[in-house]
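Secondary and tertiary structure notes
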Amino acid sequence: MPGDKDIIVCQGVKKWFGDFQALHGVDLSVKEQEVVVIIGPSGSGKSTFIRCINRLEVHQEGTIQVDGIELTNDLRNIEAIRSEVGMVFQSFNLFPHLTVLDNITLGPIWVRKHSRTEAEEIGRRLLDRVGIPEQADKYPGQLSGGQQQRVAIARALAMEPKVMLFDEPTSALDPEMVKEVLDTMKELASSGMTMLVVTHEMGFAREVADRVLFFDYGSLVEEGTPEHFFTTPQHDRTKLFLSQIL
Amino acid sequence: MEQKQYPVSIDLGIPESAAAPEPPPSGPWVWMRTNLFSSPFNSVLSVVTVALLAAVVHGVIGWAIDEGRLWRAVGQNSRLLMVQAYPVEHFWRVWVSVGSVAVLAGLSFAYFRVGSKIAWRDLSRISMAFGAVLSLVSLSTMFHFLAADRTPRLTILALVVGLILIFVPRMYTARLGDAAKEPTIPTMGLVALGLLVLIGLIWIAQAPVPGVSEEGFNIDVWEPIATSTKLPWTVVILSGIAAFGIGTVLRDRVEGLRQVLISAWVLSAPIIYMILFRGPDIDWPEVLTLDLPVWLGFSVLGGLFLRWAADDKSGELGRFLSGAIFVVGLASLLFIDTLMLFKVSTIALGTFGMLAPTFGGSPAARRQFLIGWASSMLVIVVIFRMADSASALGFRGSNFLGGLALTFALAIFGIALSFPLGVVLALGRTSTMPILRTVCTFYIELVRSVPLITWLFASANLFQLFIPGGLEVDNVVRAIGAITLFSAAYLAENVRGGLQSIGKGQYEAADALGMSVVQKTSFIILPQALKAVIPALVGQVISLFKDTSLVAIIGLFDLLLIAKNVIPGQSQFLGSFMEAIVAVAVIYWVFTFAFSRASLRLEKRLGLGTR
């Protein structure tokens with residue numbers, strides 16, 4: 001269940017790619033331990049929005065605060081926020097030249113400044129948690145897509161983040177591997193992690209989300225509980241989108 | 001994770017006999033049919049090519065063993081080809097250099113676990129190939145000898161050895177059966193064995209030398225080869241092998257061996273340079289009163305500062321102070337009148353201070369960082385001491401050393417210096433900072449648009465005009481400088497290719513972990529970028545090695561110049577060009593081939609982590 005404290009607060013976030021406006025002023029606040037699922041047609045700006053939260057994209061107007069720190073051009077703030085916010089990508093983005101364990105321990109050692117032994121302990125514990133302890137010494141290329149995505153989740157968790165961002169984590173996976181990743185995410189949600197998930201998995205949204213947001217044309221069109229969302233959507237564009245995918 | 005259970009057998013309606021496994025057809029005939037005679041055109045091509053190849057090889061061998069060949073032009077000039085006119089009483093300097101490189105190489109090979117294991121089956125294949133070549137060559141030689149009514153003495157021996165190489169390992173492999181496929185023989189052991197055989201050869205083998213018989217006729221006398229060098233070579237090779245053994249024992253027992261080895265390599269370059277070219281007359285009292293305090297002071301006090309700067313608590317103040325120290329160091333170059341040693345050390349301290357927050361994370365990383373600082377200071381102090389000391393040699397070393405030694409000196413220093421410079425230039429050219437990018441691009445394009453020979457010429461003749469009078473920079477150093485600056489531009493373009501092959505996702509993943517730019521570049525981007533362009537980098541190294549022959553234009557006597565101009569001018573070998581040129585070609589081939597094989601191995605070894 002969500003707590004009382006706001007951990008992410010966005011106000012009037014606007015973003016342009018050249019002349020094209022990708023975000024038309026998004027307002028959102030996320031409470032601690034809340035699971036927020038963002039859906040919407042492709043090109044609707046939902047990925048761009050969550051990538052703004054850890055500054056992989058730079059927003060031009062509005063404010064974004066994470067855990068009380070405002071995202072500005074100040075490098076210290078950016079690095080501080082990035083180490084509090086874990087991110088899982090659509091295409092995993094594991095480091096192919098490092099073993100699975102090294103992928104996970106890199107951040108703890110060099111950013112969190114843990115000793116190698118501590119970091120490896122954290123790494124093995126997390127691999128255990130995502131269900132692939134036996135793969136620690138393999139290279140990412142030797143793993144299946146689902147396993148790679150679980151390593152990516154472990155890598156993000158190793159930084160002990162306060163918030164996890166998921167950018168379409170199952171879209172690049174073969175159908176039979178989607179479930180193992182979703183199961184890992186469900187387990188994470190039930191452990192009380194604050195999560196922002198961009199996804200097309202409506203089953204996951206219905207089952208796990210505290211709140212569902214619908215994005216279209218770069219703005220937040222509708223938001224509500226999964227129940228409200230899948231049974232009595234208000235907006236025409238939401239109805240149209242849901243009728244196309246359900 | 002639970003596993004899905006599938007039914008154990010599925011009836012697909014295939015009769016039992018059809019599914020029974022059969023070994024695929026194999027054997028030499030099958031191989032020849034599929035690869036050499038698969039179509040009429042292919043068959044014709046195979047036959048014609050083999051015939052052509054045989055004719056060429058037969059012709060070359062005929063030329064090589066012709067009685068008119070003066071191969072002793074190479075043998076008797078081997079000292080000239082190796083070190084040119086370096087004085088004999090100073091040869092120990094060359095041997096000390098070669099020996100220390102051998103020891104360092106042995107230790108490093110052991111520490112970095114160079115070399116793997118090879119299976120008997122693969123070894124027997126290699127041996128077969130060697131044996132086949134040796135047998136064919138000796139057969140061809142035998143024909144030539146018989147045709148010229150000469151007695152084929154050594155060729156029979158060579159033929160026997162060739163046949164043994166073909167058949168004995170093969171028979172042993174067959175007896176081993178499947179065990180022969182298991183890689184069990186350590187390659188470094190084979191290398192050591194080969195080196196021991198080489199030692200044996202230089203003690204036993206003999207070559208004909210012109211002499212006078214008892215009756216006063218000019219005849220060939222058989223004498224041992226390598227009379228004066230066999231003892232030093234034996235010592236060098238044995239100490240290299242011994243160092244490998246010691247390294248194997250030490251590598252898991254001693255902590256920090258990595259840092260020691262790296263700084264030893266870095267230090268070995270200036271030390272070898274000084275031993276060979278200057279033999280510095282070191283002012284020991286000054287070493288004790290100046291160098292030692294400077295080194296200790298900067299290592300300890302600077303180390304304390306770095307330790308503080310690496311700590312999170314010092315935060316921005318640490319970075320700010322380091323930046324200030326760096327700027328003061330740079331400014332002192334122009335405005336403060338003090339020893340250059342202090343200025344450079346200050347700049348180094350500032351640089352390390354700015355890097356400290358990045359690398360000084362965990363206690364272990366911080367310890368390594370501080371060891372790195374102390375050894376860098378040692379390198380700086382040693383280089384300054386050596387450059388400051390007068391030459392104790394009674395001759396200008398660089399004017400006398402030539403031949404293969406010079407070729408190696410140019411190539412090794414050129415590669416070692418141009419590599420880091422090239423990487424920095426590539427990073428600069430791909431950076432987002434416009435001024436840095438422009439400067440790097442301009443440098444790369446300028447250097448690449450002018451031939452190396454022009455840069456060498458400029459370094460020899462124009463360089464003196466740009467430096468203050470009285471300061472004299474050695475010819476060899478100038479050549480190394482020109483080669484380094486030239487090669488760095490090409491290396492930079494190769495590395496840039498590698499940098500561009502790294503996907504955006506890698507940068508984003510590193511960013512998302514909160515890594516700094518330096519961490520991202522050194523742990524994520526560069527390792528992958530360099531690995532992606534190993535073939536191109538090795539190509540650059542090989543071409544640099546061969547390009548060193550261009551220093552002939554500025555009056556340095558490299559291997560090729562000696563073979564081309566010096567040997568044919570000697571009275572007893574007047575006009576015999578080809579022998580020495582061929583010998584030089586073989587020397588170049590041996591080293592470049594070794595480079596390219598080593599790079600293949602490196603690629604294979606690093607290839608594990610590819611996508």
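First, a word on scope: everything that follows refers to the structure included in this document. Computed from a predicted structure; not experimentally measured. (Residues numbered from 1 in each chain as written. Chains lettered and ligands numbered in written order. Predicted model: local features only at pLDDT ≥ 70, side-chain atom pairs only at ≥ 80, totals over all residues. Heavy atoms only, no water.)

**Observations concerning the overall build of chain A**
Rule in force here: Secondary structure elements are taken from DSSP: a helix is a run of H or I of four residues or more, a strand is a run of E of two residues or more, and numbering for both begins at the N terminus. Radius of gyration: over C-alpha atoms. The globule rule applied is 2.2 Å multiplied by the number of residues raised to the 0.38 power. When accessible area is computed with a 1.4 Å probe and restricted to protein chains, residues below 20% of their type maximum are described as buried, those above 50% as exposed, and intermediate ones as partly exposed.
Tallying secondary structure elements over chain A gives nine helices and ten strands in all. Taken over the C-alpha trace, chain A has a radius of gyration of 18 Å; the compact-globule value for 246 residues is 18 Å, and the two agree within 12%. Taken over the C-alpha atoms alone, chain A extends approximately 55 × 45 × 35 Å along its principal axes. Across the 246 residues that make up chain A, the buried fraction comes to 58%.

**With respect to the overall build of chain B**
Applicable threshold: Each accessible area value is a Shrake-Rupley result obtained with a 1.4 Å probe; residue values ignore everything except the protein chains displayed when judging cover. Two residue types count as positive, namely Lys and Arg, and two as negative, namely Asp and Glu; His and chain ends fall outside the count. Charge placement uses NZ in Lys and CZ in Arg. For Asp and Glu, CG and CD serve respectively.
Within chain B, the secondary structure is distributed over 26 helices and six strands. Projected onto its principal axes, the C-alpha coordinates of chain B cover approximately 95 × 80 × 50 Å. Summing over all exposed atoms, chain B offers an accessible surface of approximately 35200 Å²; the carbon and sulfur share of this is 71%. Once the 43 positive and 36 negative side-chain charges of chain B are each reduced to a mean point, those two points are 5 Å apart.

**What about the sheet that holds strand S1 (residues 6-17) of chain A?**
Residue and element names in this part refer to chain A. To keep it simple, the criterion reads: Two strands pair if DSSP finds at least two bridges between them. Residues count as neighbours in contact if any of their non-hydrogen atoms are within 4.5 Å of one another. The angle between two axes is taken between their N-to-C directions and runs from 0 to 180 degrees, where each axis is a line fitted to C-alpha atoms and a helix contributes only its stretch in contact.
Read across the open sheet, the four strands follow the order S2-S1-S4-S5; overall the sheet is antiparallel. If you trace the sheet from one side to the other, it starts and ends with strand S2 (20-31) and strand S5 (69-70), each paired once. Against the sheet, helix H1 (residues 46-53) touches S1, S2 and strand S4 (61-66), its axis set at about 60° to S2.

**Things to note about the packing of aromatic side chains**
So the rule is basically this: Note on aromatic pairs: the rings of Phe, Tyr and Trp (six-membered ring only in Trp) are paired at centre separations within 6.5 Å, and the planes decide the class, stacked below 30 degrees, edge-to-face beyond 60, tilted for the rest.
Per the stated rule, a full pass over the model turns up 18 aromatic pairs over all chains. Where A:Trp110 meets B:Phe523, the ring centres are 4.5 Å apart and the plane angle is 35°; that geometry is what we call tilted. Remark: B:Phe523 occurs in helix H23 (residues 517-532) and A:Trp110 occurs in helix H3 (residues 100-110); the pair is interchain, linking two chains. We note that A:Trp110, like B:Phe523, is buried.

**Observations regarding the nonpolar core**
Note the cut-off: For our purposes a nonpolar core is just a set of buried Ala, Val, Leu, Ile, Met, Phe, Trp, Tyr and Cys residues, chained together by side-chain atoms within 4.5 Å.
A:Ile38, A:Phe49, A:Leu196 and B:Val551 are the most contacted members of the largest nonpolar core, which has 114 residues in total. Not counting chain neighbours up to four residues away, the residues in contact with A:Phe49 comprise A:Cys10, A:Leu23, A:Val26, A:Leu28, A:Ile38 and A:Phe215. Counting 47 residues, the second-largest nonpolar core is a separate cluster that includes A:Ile104, A:Val151, A:Ala189 and A:Val212.

**A few points about the packing of helix H12 (residues 284-310) of chain B against helix H14 (residues 340-359) of chain B**
Residue and element names in this part refer to chain B. Note the following rule: Any angle that is under 35 degrees is reported as roughly parallel, and any over 145 degrees as roughly antiparallel; angles of 65 to 115 degrees are reported as roughly perpendicular and all others as oblique. Helix crossings get a hand from a simple test, with the near helix turned counterclockwise from the far one by less than a right angle marking a left-handed crossing and a clockwise turn marking a right-handed one. Nonpolar residues are Ala, Val, Leu, Ile, Met, Phe, Trp, Tyr, Cys and Pro. Charged residues are Asp, Glu, Lys and Arg, and all others, Gly as well, are polar.
Viewed as axis vectors pointing N to C, H12 and H14 meet at an angle of 20°, and their least axial separation amounts to 9 Å. It follows that H12 is roughly parallel to H14 by the angle criterion. Taken as a pair, H12 and H14 cross one another with a handedness that is right-handed. For the pair H12 and H14, the contacting residues are Leu290, Asp291, Val294, Phe298, Gly302, Phe305, Leu306, Ala309 and Ala310 in the first and Leu341, Phe342, Ser345, Thr346, Leu349, Phe352, Gly353, Ala356 and Pro357 in the second. Here the contact of H12 with H14 is built from residues that sort into 13 nonpolar, four polar and one charged.

**Some points on the sheet that holds strand S7 (residues 163-167) of chain A**
As a general point, the strands of a sheet are linked pairwise by backbone hydrogen bonds and lie either parallel or antiparallel. All names here are of chain A. Across the sheet, six strands lie side by side as S6-S7-S8-S3-S9-S10; this open sheet has mixed pairing. Because the sheet does not close on itself, it has two edges, and the strands there are strand S6 (85-88) and strand S10 (219-224). Averaged over all neighbouring strand pairs, the angle between strand axes comes to 20°, with direction disregarded. Running over the sheet, helix H6 (residues 175-190) touches strand S3 (35-39), S7 and strand S8 (194-198) and is turned about 145° from S8.

**What to know about the pairing of S3(A)**
Residue and element names in this part refer to chain A. The buried count for S3 comes to five of five residues, which makes it a mostly enclosed element. Taking every second residue as pointing to the same face, both faces of S3 are buried, with Val35, Val37 and Ile39 on one and Val36 and Ile38 on the other. Bridge count between S3 and S8: four bridges; the pairing is parallel. When the bridges of S8 are listed, Val37 appears paired with Val197. Here S3 pairs with strand S9 (residues 211-216) via four bridges, running parallel. Bridge pairing links Ile38 to Leu213 in S9.

**What about the state of the cysteines?**
The criterion, for reference: A pair of cysteine sulfur atoms is labelled a disulfide when the two atoms are within 2.5 Å.
Scanning the model with the defined rule gives zero disulfides over all chains in all. A:Cys52 takes part in no disulfide bond, and the closest cysteine sulfur to it belongs to A:Cys10, at a distance of 8.6 Å.

**Here we look at the environment of A:Phe241**
In this fold, A:Phe241 is placed in helix H9 (residues 236-245). Residues A:Phe241 and A:Leu213 lie 28 residues apart in sequence; the distance between their C-alpha atoms is 13 Å.

**Concerning the interface of chain A and chain B**
Here is the rule: Put simply, buried area is how much 1.4 Å-probe accessible surface two parts lose in total, over both of them, once they are put together. Note on definitions: salt bridges are taken to be side-chain nitrogens of Lys or Arg within 4 Å of carboxyl oxygens of Asp or Glu. Polar contact criterion, stated in full: a pair of N or O atoms within 3.5 Å, where within protein one must be able to donate a hydrogen and the other to accept it, and residues adjacent in sequence count only if both atoms are side-chain atoms.
The partner chain B presents 32 residues to the 27 residues of chain A that form the contact. A combined buried area of about 2600 Å² lies between chain A and chain B, and 63% of that area is made up of carbon and sulfur atoms. If you sort the residues of chain A by the area they bury against chain B, A:His97, A:Trp110 and A:Lys113 come out on top, with a joint share of 28%. Summed over the shared surface of chain A and chain B, the result is two salt bridges. Put simply, A:Arg82 and B:Asp511 hold a salt bridge, and the shortest N to O gap is 3.9 Å. For the interface between chain A and chain B, the tally reads six residue pairs in polar contact (both at pLDDT 80 or more). Contributing elements (two or more residues each) for the side of chain A that touches chain B: helix H2 (75-84), S6, H3 and helix H5 (145-157) of chain A.

**Looking at the side chain of B:Thr592**
Summarising the element assignment, B:Thr592 is placed in helix H26 (residues 578-606). Those residues in contact with B:Thr592 that sit more than four places away from it in its chain are B:Ile542, B:Phe545 and B:Lys546.

As far as function goes, none of this settles anything; it's purely spatial.
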